[in-house]
Amino acid sequence: MKEDTGEIFTLDEVAAYLKVGKRTVYRLAAAKKIPAFKVGGTWRFRRQEIDQWIKRQTAEAQGDDGPGGAHGGNG
């Protein structure tokens with residue numbers, strides 16, 4: 001009956017969930033590189049969006065090298 005789709009994380013909780021520092025999560029959120037929103041000036045994260053973001057990061061890491069990678073032209 002319990003679903004995690006509506007669960008909201010704080011910055012500290014996301015840092016623990018991803019096993020990274022709080023500063024890293026803050027920088028990712030501020031740069032809009034991780035799905036986040038602000039409530040009263042503090043960052044909040046939807047668990048479902050974080051899980052989807054993790055899947056995208058994993059897919060990108062297993063895919064091609066991306067822009068500037070081994071196949072990217074430099075001149």
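Provided above is the structure to which this section pertains.
Rules behind the numbers
- Residues numbered from 1 in each chain as written.
- Predicted model: local features only at pLDDT ≥ 70, side-chain atom pairs only at ≥ 80, totals over all residues.
- Heavy atoms only, no water.
- Core = buried A, V, L, I, M, F, W, Y, C linked by side-chain atoms within 4.5 Å.
- Buried < 20%, exposed > 50% of the residue type's maximum accessible area, 1.4 Å probe, protein only.
- Helix = DSSP H or I, 4+ residues; strand = E, 2+ residues; numbered from the N terminus.
- Contact = heavy atoms within 4.5 Å.
- Arc of directions from axis to C-beta.
- Salt bridge = Lys/Arg side-chain N within 4 Å of Asp/Glu carboxyl O.
- Pairing = 2+ DSSP bridges.
- Axes fitted to C-alpha atoms, helices over the stretch in contact; angles between N-to-C directions.

Peer 1: Lay out the nonpolar core with the relevant residues and their values.
Peer 2: Grouped together as the largest cluster of nonpolar side chains are eleven residues: F9, L11, V14, A15, V25, A29, I34, W43, F45, I50 and W53. Among the elements of the structure, α1 (11-18), α2 (22-30), β3 (42-46) and α3 (47-62) are those that each provide at least two residues to this core. With residues up to four places along the chain from it excluded, the contact list for I34 reads L18, V25, L28, A29, F45, I50 and W53.

Peer 1: Just give me the short version of α1, but keep the residues and values in it.
Peer 2: Buried residues of α1: L11, V14 and A15, and no others. Looking straight down α1, one finds its buried side chains confined to an arc of 100°; they lie on one side. Packing partners of the buried residues in α1 comprise β1 (8-10), α2 and β3. Of the residues flanking the end of α1, it is K19, one or two places downstream, whose phi is positive at about 60°.

Peer 1: An account of the pattern of salt bridges is needed here, citing residue identities and associated values.
Peer 2: What the rule picks out here adds up to four salt bridges. When the shortest N-O distance is used, the salt bridge between D12 and K22 registers 3.7 Å. Placement of D12 in helix α1 and of K22 in helix α2 is noted, with a sequence separation of ten residues between them. For D12, a relative accessible area of 45% corresponds to the partly exposed category. Here R46 makes a salt bridge to E49, at a shortest N to O gap of 3.6 Å. With relative accessibility at 37%, the residue R46 sits in the partly exposed group. Look at the salt bridges and you will find they share partners, linking E7, R47 and D51 into a network.

Peer 1: Outline the sheet that holds β3, listing residues and values.
Peer 2: The antiparallel open sheet is built from three strands, whose spatial order is β1-β3-β2. The open sheet has two edge strands with one neighbour each: β1 and β2 (37-39). Averaged over all pairs of adjacent strands, the angle between strand axes in this sheet comes to 45°, irrespective of strand direction. Pairing analysis gives three bridges linking β2 to β3, with the strands arranged antiparallel. Looking at β3, one finds that V39 is bridged to T42. Packed onto the sheet, α1 meets β1 and β3 and runs at close to 95° relative to β1.

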